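Residue strings, one per chain:
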Amino acid sequence: MKISHIALYVEDLEKMREFYETYFGATANDKYHNPRTGLSTYFLSFDDQMRLEIMQRPDVTNHLMAPQLGYTHLAFSVGNSNEVDAITTRLASAGFQIVSGPRTTGDGYYESVVLDPENNQIEITK
C-alpha cells in the first residue's frame, strides 16, 4: 500500500502549478475543469511517482494562517545538503519567505522550511 496523492485547495491554480514545476520539478497533467461545480485541478507528478493534486473552486476561499490540527507541511527530500542549500537560496532569491534553515534539527534532519506562494509550509530535506 502507498499514498497515491495529497490534495491541496489553492487560490491561484496557475501560480501554484508554476511554483511546483519551477522549484520542485513537478510535471502537470492536463487541467481538469468541471463546469457544473467550478472545480479545476492539476495533478502534479514528481520523480518518485508521488503526486500533489492542486484544486481550485470558487466556493472554497478560507485559508487559516495560525497553526492548527491537520495539514502542517509538505516535505521534499532532495538527496543531499548541497541541494537543500541550493533550492533554499534559489527560493530566497525569488522572494519566497524562508521560515527556517537550512540547518540541522534537533532530531538530526538537515532541512529548510519555506512558504509557497499561498503560505503553505514546504520542508526541504536532504
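Coordinates for the structure precede this section.
Owing to the predicted nature of the structure, the values given are computational and were not obtained by experimental measurement.

Visitor: Explain helix α2 (residues 81-93) to me, please; I cannot follow it from the model alone.
Guide: For an α-helix, the turn length of 3.6 residues means that residues three or four places apart are oriented alike. Between its first and last C-alpha, α2 extends 18 Å over 13 residues, near the 18 Å set by a 1.5 Å rise per residue. For α2, the set of buried residues is V84, I87, T88 and L91. Taken end-on, α2 shows its buried residues confined to a sector of 100°, consistent with a single buried face. Across from the buried face of α2, at angles greater than 90 degrees, the exposed residues are N82 and S93. In this fold, the buried residues of α2 make contact with α1 (13-24), β7 (98-104), β8 (110-115) and β9 (121-125).

Visitor: What is the right way to look at the nonpolar core in this model?
Guide: Across soluble globular proteins, nonpolar side chains have a tendency to be buried as a group. Judged by nonpolar contacts, the single largest core of 24 residues is most densely connected at Y20, F24 and L91. Looking at this core, the elements that each hand over two or more residues are α1, β4 (40-45), β5 (51-56), β6 (73-77), α2, β8 and β9. Counting residues per element, this core draws most heavily on α1, which supplies 6 residues. The contact partners of Y20, leaving out residues within four places of it in the chain, are G25, A26, L44, L52, L74, F76, D116 and I122.

Visitor: Even after reading the chapter, I still don't get the layout of surface pockets, so can you show me in this structure?
Guide: Where empty space is left becomes clear once a probe the size of a water molecule has been rolled over the atoms. Volume-wise, the second largest pocket comes out at about 340 Å³. The wall of the second largest pocket is formed by 16 residues, among which F46, D48, A75, F76 and S77 lie closest to the centre. Of all elements in the fold, only α1, β5 and β6 reach the threshold of two or more residues within the lining of the second largest pocket.

Visitor: Even after reading the chapter, I still don't get the pattern of salt bridges, so can you show me in this structure?
Guide: For the coordinates displayed, the defined rule picks out 4 salt bridges. Between E14 and R17 there is a salt bridge; the shortest N-O distance is 3.0 Å. Placement of the pair is E14 and R17 together in helix α1, with a separation of 3 residues, close to one helical turn. The partner of E21 in a salt bridge is R17, and the shortest N-O contact between them spans 2.6 Å.

Parameters at a glance
Residues numbered from 1 in each chain as written. Predicted model: local features only at pLDDT ≥ 70, side-chain atom pairs only at ≥ 80, totals over all residues. Heavy atoms only, no water. Helix = DSSP H or I, 4+ residues; strand = E, 2+ residues; numbered from the N terminus. Expected span 1.5 Å × (residues − 1). Buried < 20%, exposed > 50% of the residue type's maximum accessible area, 1.4 Å probe, protein only. Arc of directions from axis to C-beta. Contact = heavy atoms within 4.5 Å. Core = buried A, V, L, I, M, F, W, Y, C linked by side-chain atoms within 4.5 Å. 1 Å grid on protein atoms, 1.4 Å probe; cavity = no way out; pocket = protein on both sides within 12 Å on 5 of 7 lines; lining within 4 Å. Points joined across faces, edges and corners; volume = space filled by probe spheres on them. Salt bridge = Lys/Arg side-chain N within 4 Å of Asp/Glu carboxyl O.

Structural measurements only, silent on function.
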